[in-house]
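Understanding the architecture of this molecule
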Amino acid sequence: MKKNILGAAVLAAILASGALSACSGSPKETTAADTTAAAEAQAADSKAEETTAADTTQASAELKEIVVGASPAPHAEILNAAKEVLATKGYELKIVEYTDYVQPNNALDSGDLDANYFQHKPYLDSFNAQNGTNLVSAGAIHYEPFGIYAGKTTSLEELPDKATVLVPNDVSNEARALLLLEAQGLIKLKDGVGLEATKNDIVENTKNLDIVELEAAQLPRSISDGDIAVINGNYAIEAGLKVSDALATEDSQSLAATTYGNVVAVREGEESSDASKALVEALTSPEVKQFMEETYEGAVVPLF
(Lines give C-alpha, C1' and ligand atoms only; values in the text may rest on other atoms or scores of the structure.)
Protein backbone atom coordinates (compact mmCIF):
# COMPACT_ATOMS: atom_id res chain seq x y z
CA MET A 1 0.00 0.00 0.00
CA LYS A 2 2.82 2.40 0.91
CA LYS A 3 4.61 1.47 -2.28
CA ASN A 4 1.54 2.32 -4.29
CA ILE A 5 1.22 5.70 -2.59
CA LEU A 6 4.90 6.41 -3.14
CA GLY A 7 4.64 5.47 -6.80
CA ALA A 8 1.65 7.68 -7.29
CA ALA A 9 3.47 10.61 -5.70
CA VAL A 10 6.51 10.12 -7.94
CA LEU A 11 4.27 9.90 -11.01
CA ALA A 12 2.47 13.12 -10.04
CA ALA A 13 5.79 14.93 -9.57
CA ILE A 14 6.99 13.81 -12.98
CA LEU A 15 3.77 14.98 -14.64
CA ALA A 16 3.94 18.36 -12.85
CA SER A 17 7.55 18.83 -13.92
CA GLY A 18 6.58 18.16 -17.53
CA ALA A 19 3.69 20.62 -17.35
CA LEU A 20 5.94 23.35 -15.94
CA SER A 21 8.49 22.72 -18.68
CA ALA A 22 5.81 23.03 -21.33
CA CYS A 23 4.44 26.28 -19.85
CA SER A 24 7.84 27.88 -19.51
CA GLY A 25 8.79 26.89 -23.06
CA SER A 26 5.71 28.48 -24.70
CA PRO A 27 6.36 32.09 -23.55
CA LYS A 28 9.99 31.87 -24.73
CA GLU A 29 8.92 30.79 -28.21
CA THR A 30 6.26 33.58 -28.42
CA THR A 31 8.72 36.29 -27.31
CA ALA A 32 11.23 35.30 -29.96
CA ALA A 33 8.59 35.45 -32.66
CA ASP A 34 7.35 38.82 -31.44
CA THR A 35 10.90 40.18 -31.39
CA THR A 36 11.47 39.11 -34.99
CA ALA A 37 8.18 40.69 -36.10
CA ALA A 38 8.96 43.92 -34.23
CA ALA A 39 12.38 44.10 -35.83
CA GLU A 40 10.88 43.61 -39.26
CA ALA A 41 8.25 46.31 -38.57
CA GLN A 42 10.91 48.71 -37.31
CA ALA A 43 12.99 48.12 -40.41
CA ALA A 44 9.93 48.79 -42.58
CA ASP A 45 9.17 52.00 -40.68
CA SER A 46 12.78 53.11 -41.01
CA LYS A 47 12.69 52.44 -44.75
CA ALA A 48 9.43 54.39 -45.04
CA GLU A 49 10.94 57.32 -43.14
CA GLU A 50 13.98 57.28 -45.41
CA THR A 51 11.71 57.23 -48.46
CA THR A 52 9.64 60.13 -47.11
CA ALA A 53 12.77 62.14 -46.33
CA ALA A 54 14.14 61.42 -49.79
CA ASP A 55 10.85 62.44 -51.37
CA THR A 56 10.82 65.69 -49.36
CA THR A 57 14.42 66.47 -50.32
CA GLN A 58 13.69 65.72 -53.95
CA ALA A 59 10.53 67.88 -53.89
CA SER A 60 12.48 70.75 -52.30
CA ALA A 61 15.23 70.41 -54.86
CA GLU A 62 12.70 70.61 -57.67
CA LEU A 63 11.39 74.05 -56.55
CA LYS A 64 12.55 76.87 -58.81
CA GLU A 65 13.83 79.98 -57.06
CA ILE A 66 12.14 83.31 -57.70
CA VAL A 67 13.80 86.44 -56.29
CA VAL A 68 11.50 89.37 -55.50
CA GLY A 69 12.47 92.81 -54.20
CA ALA A 70 10.13 94.54 -51.76
CA SER A 71 9.85 97.26 -49.16
CA PRO A 72 9.85 95.76 -45.64
CA ALA A 73 6.23 96.61 -44.83
CA PRO A 74 3.72 95.68 -45.95
CA HIS A 75 5.13 94.17 -49.17
CA ALA A 76 7.76 91.81 -47.74
CA GLU A 77 5.29 90.75 -45.05
CA ILE A 78 2.64 89.99 -47.67
CA LEU A 79 5.18 88.06 -49.75
CA ASN A 80 6.05 85.96 -46.68
CA ALA A 81 2.36 85.16 -46.31
CA ALA A 82 2.35 83.96 -49.93
CA LYS A 83 5.40 81.68 -49.62
CA GLU A 84 3.56 78.43 -48.93
CA VAL A 85 1.03 79.04 -51.68
CA LEU A 86 3.85 79.78 -54.12
CA ALA A 87 5.64 76.59 -53.09
CA THR A 88 2.61 74.54 -54.13
CA LYS A 89 3.05 76.11 -57.58
CA GLY A 90 6.65 74.93 -57.76
CA TYR A 91 8.55 78.05 -56.66
CA GLU A 92 10.76 78.85 -53.69
CA LEU A 93 10.46 82.54 -52.87
CA LYS A 94 13.51 84.60 -51.92
CA ILE A 95 12.72 88.13 -50.71
CA VAL A 96 15.22 91.00 -50.92
CA GLU A 97 14.20 94.06 -48.89
CA TYR A 98 14.82 97.66 -49.92
CA THR A 99 14.14 100.88 -48.03
CA ASP A 100 13.94 103.24 -51.01
CA TYR A 101 12.01 103.49 -54.29
CA VAL A 102 14.96 103.47 -56.72
CA GLN A 103 17.14 100.44 -55.99
CA PRO A 104 14.46 97.75 -56.46
CA ASN A 105 13.68 98.99 -59.97
CA ASN A 106 17.37 99.27 -60.86
CA ALA A 107 17.95 95.74 -59.53
CA LEU A 108 15.02 94.41 -61.54
CA ASP A 109 16.20 96.13 -64.70
CA SER A 110 19.73 94.74 -64.29
CA GLY A 111 18.46 91.19 -63.76
CA ASP A 112 19.34 90.86 -60.08
CA LEU A 113 15.64 90.39 -59.33
CA ASP A 114 12.94 88.38 -61.09
CA ALA A 115 10.25 90.81 -59.93
CA ASN A 116 9.59 93.52 -57.40
CA TYR A 117 6.57 94.45 -55.32
CA PHE A 118 6.58 97.88 -53.71
CA GLN A 119 5.17 100.48 -56.11
CA HIS A 120 2.02 101.60 -57.89
CA LYS A 121 1.59 101.88 -61.64
CA PRO A 122 1.94 105.70 -61.92
CA TYR A 123 5.28 105.56 -60.10
CA LEU A 124 6.43 102.68 -62.33
CA ASP A 125 5.51 104.64 -65.46
CA SER A 126 7.27 107.73 -64.16
CA PHE A 127 10.40 105.73 -63.31
CA ASN A 128 10.50 104.23 -66.79
CA ALA A 129 10.17 107.65 -68.39
CA GLN A 130 12.94 109.15 -66.27
CA ASN A 131 15.37 106.24 -66.43
CA GLY A 132 14.80 104.66 -69.84
CA THR A 133 13.80 101.32 -68.32
CA ASN A 134 11.18 98.93 -69.66
CA LEU A 135 9.48 97.53 -66.57
CA VAL A 136 5.84 96.53 -66.67
CA SER A 137 3.08 95.46 -64.32
CA ALA A 138 2.25 91.77 -64.09
CA GLY A 139 -0.80 92.50 -61.93
CA ALA A 140 -2.24 94.85 -59.28
CA ILE A 141 -2.37 93.37 -55.79
CA HIS A 142 -3.47 95.93 -53.20
CA TYR A 143 -4.09 99.58 -52.47
CA GLU A 144 -2.70 101.61 -49.55
CA PRO A 145 -4.64 104.74 -48.60
CA PHE A 146 -2.49 107.86 -48.28
CA GLY A 147 -2.94 109.65 -44.98
CA ILE A 148 -2.34 113.08 -43.50
CA TYR A 149 -0.63 112.62 -40.12
CA ALA A 150 -0.16 115.08 -37.30
CA GLY A 151 3.21 116.64 -36.61
CA LYS A 152 3.29 119.86 -34.59
CA THR A 153 -0.40 120.44 -35.34
CA THR A 154 -2.90 117.85 -34.13
CA SER A 155 -5.90 118.70 -36.32
CA LEU A 156 -6.55 120.20 -39.74
CA GLU A 157 -8.91 122.78 -38.20
CA GLU A 158 -6.04 124.14 -36.10
CA LEU A 159 -3.54 124.27 -38.96
CA PRO A 160 -1.98 127.76 -38.76
CA ASP A 161 -1.08 130.11 -41.59
CA LYS A 162 2.31 129.35 -43.12
CA ALA A 163 2.22 125.86 -41.65
CA THR A 164 4.85 123.41 -42.90
CA VAL A 165 3.34 120.54 -44.90
CA LEU A 166 5.64 117.61 -45.74
CA VAL A 167 4.93 115.66 -48.97
CA PRO A 168 6.79 113.02 -51.04
CA ASN A 169 9.20 114.44 -53.61
CA ASP A 170 8.64 111.94 -56.45
CA VAL A 171 6.21 113.04 -59.15
CA SER A 172 3.41 110.50 -58.78
CA ASN A 173 3.34 110.44 -55.00
CA GLU A 174 3.55 114.23 -54.73
CA ALA A 175 0.53 114.53 -57.00
CA ARG A 176 -1.33 112.09 -54.81
CA ALA A 177 -0.46 114.08 -51.69
CA LEU A 178 -1.57 117.34 -53.29
CA LEU A 179 -4.86 115.80 -54.39
CA LEU A 180 -5.51 114.73 -50.81
CA LEU A 181 -4.70 118.22 -49.52
CA GLU A 182 -7.07 119.65 -52.14
CA ALA A 183 -9.80 117.24 -51.08
CA GLN A 184 -9.51 118.68 -47.55
CA GLY A 185 -9.93 122.24 -48.86
CA LEU A 186 -6.39 123.28 -47.95
CA ILE A 187 -5.25 124.13 -51.50
CA LYS A 188 -6.63 124.26 -55.04
CA LEU A 189 -4.86 122.86 -58.10
CA LYS A 190 -5.07 123.82 -61.76
CA ASP A 191 -7.96 122.15 -63.51
CA GLY A 192 -7.05 118.90 -65.18
CA VAL A 193 -3.56 118.42 -63.75
CA GLY A 194 -4.67 115.29 -61.90
CA LEU A 195 -1.90 112.78 -61.30
CA GLU A 196 0.74 115.03 -62.87
CA ALA A 197 0.30 117.79 -60.28
CA THR A 198 3.28 119.41 -58.58
CA LYS A 199 3.34 122.22 -56.06
CA ASN A 200 3.84 124.61 -59.01
CA ASP A 201 0.26 123.73 -60.03
CA ILE A 202 -1.23 125.16 -56.82
CA VAL A 203 -3.43 128.11 -57.80
CA GLU A 204 -4.99 128.77 -54.39
CA ASN A 205 -3.24 128.52 -51.03
CA THR A 206 -5.23 130.68 -48.64
CA LYS A 207 -3.17 129.65 -45.60
CA ASN A 208 0.11 130.18 -47.44
CA LEU A 209 1.11 126.64 -46.57
CA ASP A 210 4.80 125.86 -47.01
CA ILE A 211 4.86 122.65 -49.08
CA VAL A 212 8.16 120.89 -48.37
CA GLU A 213 9.17 117.97 -50.59
CA LEU A 214 11.10 115.09 -49.02
CA GLU A 215 12.02 111.56 -50.05
CA ALA A 216 9.02 109.39 -49.21
CA ALA A 217 11.00 107.15 -46.85
CA GLN A 218 12.10 110.15 -44.76
CA LEU A 219 8.60 111.47 -44.08
CA PRO A 220 7.79 109.44 -40.95
CA ARG A 221 11.18 110.30 -39.43
CA SER A 222 10.73 114.00 -40.22
CA ILE A 223 7.10 114.34 -39.17
CA SER A 224 7.98 116.28 -36.02
CA ASP A 225 9.69 118.92 -38.16
CA GLY A 226 6.42 119.84 -39.88
CA ASP A 227 2.90 120.69 -38.86
CA ILE A 228 1.47 117.83 -40.87
CA ALA A 229 2.84 115.20 -43.27
CA VAL A 230 1.22 113.31 -46.12
CA ILE A 231 2.69 109.81 -45.94
CA ASN A 232 2.66 106.76 -48.19
CA GLY A 233 0.84 103.79 -46.70
CA ASN A 234 3.82 101.43 -46.56
CA TYR A 235 6.07 103.95 -44.80
CA ALA A 236 3.28 104.80 -42.37
CA ILE A 237 2.93 101.10 -41.53
CA GLU A 238 6.69 100.72 -41.01
CA ALA A 239 6.65 103.69 -38.63
CA GLY A 240 3.77 102.26 -36.60
CA LEU A 241 1.26 104.86 -37.80
CA LYS A 242 -2.31 103.63 -38.10
CA VAL A 243 -4.82 104.70 -40.71
CA SER A 244 -7.29 105.18 -37.87
CA ASP A 245 -4.95 107.84 -36.39
CA ALA A 246 -4.67 109.85 -39.62
CA LEU A 247 -6.23 113.31 -39.74
CA ALA A 248 -7.58 112.47 -43.21
CA THR A 249 -7.25 109.66 -45.75
CA GLU A 250 -8.02 109.19 -49.42
CA ASP A 251 -11.62 108.38 -50.25
CA SER A 252 -12.07 104.88 -51.64
CA GLN A 253 -13.68 106.35 -54.76
CA SER A 254 -11.05 109.05 -55.32
CA LEU A 255 -8.89 109.24 -58.42
CA ALA A 256 -5.93 108.12 -56.33
CA ALA A 257 -7.74 105.13 -54.85
CA THR A 258 -8.73 103.84 -58.27
CA THR A 259 -5.30 104.48 -59.78
CA TYR A 260 -2.64 103.71 -57.20
CA GLY A 261 -2.88 99.96 -56.90
CA ASN A 262 0.44 98.38 -55.86
CA VAL A 263 1.71 96.06 -58.58
CA VAL A 264 4.12 93.23 -59.18
CA ALA A 265 6.65 94.64 -61.65
CA VAL A 266 8.74 92.56 -64.06
CA ARG A 267 10.85 93.18 -67.13
CA GLU A 268 8.90 93.79 -70.31
CA GLY A 269 8.07 90.49 -72.00
CA GLU A 270 8.07 88.50 -68.75
CA GLU A 271 4.64 89.54 -67.50
CA SER A 272 3.10 86.31 -68.85
CA SER A 273 5.90 83.93 -67.83
CA ASP A 274 5.06 80.93 -65.67
CA ALA A 275 6.98 82.43 -62.73
CA SER A 276 5.21 85.80 -62.98
CA LYS A 277 1.80 84.15 -63.23
CA ALA A 278 2.52 81.93 -60.23
CA LEU A 279 3.67 84.91 -58.16
CA VAL A 280 0.57 86.97 -58.95
CA GLU A 281 -1.72 84.00 -58.33
CA ALA A 282 -0.11 83.37 -54.93
CA LEU A 283 -0.41 87.04 -53.94
CA THR A 284 -4.08 87.10 -54.94
CA SER A 285 -4.96 83.86 -53.16
CA PRO A 286 -7.66 83.65 -50.46
CA GLU A 287 -4.96 82.98 -47.86
CA VAL A 288 -3.13 86.21 -48.63
CA LYS A 289 -6.35 88.22 -48.79
CA GLN A 290 -7.25 87.04 -45.30
CA PHE A 291 -3.75 87.93 -44.08
CA MET A 292 -4.05 91.48 -45.46
CA GLU A 293 -7.47 92.11 -43.95
CA GLU A 294 -6.63 90.70 -40.52
CA THR A 295 -3.14 92.19 -40.24
CA TYR A 296 -3.48 95.75 -41.52
CA GLU A 297 -7.02 96.73 -40.52
CA GLY A 298 -7.73 98.96 -43.50
CA ALA A 299 -4.17 100.18 -44.13
CA VAL A 300 -3.85 97.63 -46.92
CA VAL A 301 -6.86 96.98 -49.13
CA PRO A 302 -6.87 93.91 -51.44
CA LEU A 303 -7.75 94.65 -55.06
CA PHE A 304 -9.05 91.12 -55.75
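Relevant structure appears above.
Predicted model only: the values in this text are computed from it and were never measured. (Residues numbered from 1 in each chain as written. Predicted model: local features only at pLDDT ≥ 70, side-chain atom pairs only at ≥ 80, totals over all residues. Heavy atoms only, no water.)

1. Details of the nonpolar core
Side chains of nonpolar character tend, in soluble globular proteins, to be buried together. Counting residues in hydrophobic clusters, the biggest one holds 29 residues, and the most contacted among them are Tyr117, Val264, Leu279 and Leu283. Counting residues per element, the ones that place at least two in this core are β1 (64-70), α2 (72-88), β2 (91-97), β3 (115-120), β4 (135-143), β12 (261-267), α9 (274-283) and α10 (286-296). Counting residues per element, this core draws most heavily on α2, which supplies seven residues. Ranked by size, the runner-up nonpolar core spans 27 residues in total, among them Leu156, Ala175, Leu179 and Leu180. (Core = buried A, V, L, I, M, F, W, Y, C linked by side-chain atoms within 4.5 Å. Buried < 20%, exposed > 50% of the residue type's maximum accessible area, 1.4 Å probe, protein only. Helix = DSSP H or I, 4+ residues; strand = E, 2+ residues; numbered from the N terminus.)

2. Things to note about the sheet that holds strand β10 (residues 228-231)
As summarised here, the arrangement of the five strands in space is β9-β6-β10-β5-β11, forming an open sheet in which the pairing is mixed. Only two strands of the sheet have a single neighbouring strand rather than two, namely β9 (210-214) and β11 (248-249). Relative to β11, strand β5 (residues 147-150) runs antiparallel, the two being bridged by two bridges. Counterpart to Ile148 in the pairing with β11 is Ala248. (Pairing = 2+ DSSP bridges.)

3. Some thoughts on the packing of aromatic side chains
Going through the model one piece at a time under the given rule, you end up with six aromatic pairs. Measuring from ring centre to ring centre gives 5.2 Å for Tyr101 and Tyr235, while their planes differ by 25°; the resulting arrangement is stacked. One end of the pair, Tyr101, is in the loop between β2 and α3 (103-110); the other, Tyr235, is in helix α7 (residues 233-238), and 134 residues separate them in sequence. We note that Tyr101, like Tyr235, is buried. Ring plane angle 40° and centroid distance 6.3 Å describe the contact between Tyr123 and Phe127, whose orientation is recorded as tilted. Linking Tyr123 with Phe127, this pair stays in helix α4 (residues 121-131), spanning four residues, or about one helical turn. The two residues Tyr123 and Phe127 agree in class, both being buried. An aromatic cluster of at least three residues, connected via ring pairs, comprises Tyr101, Phe118, Tyr123, Phe127 and Tyr235. (Phe/Tyr/Trp six-rings, centres within 6.5 Å; stacked < 30°, edge-to-face > 60°.)

4. A short note on the sheet that holds β3
Judged by pairing direction, the sheet is mixed, and its six strands sit side by side in the order β2-β1-β3-β12-β4-β13 without closing on themselves. Only two strands of the sheet have a single partner each, and these edge strands are β2 and β13 (301-302). This element, α3, spans β3, β4 and β12 of the sheet and lies at about 145° to β3. Each of β1, β2, β3, β4 and β12 is contacted by α9, which is oriented at about 10° to β4, the strand it contacts most. (Contact = heavy atoms within 4.5 Å. Axes fitted to C-alpha atoms, helices over the stretch in contact; angles between N-to-C directions.)

By themselves, these figures tell us nothing about what the structure is for.
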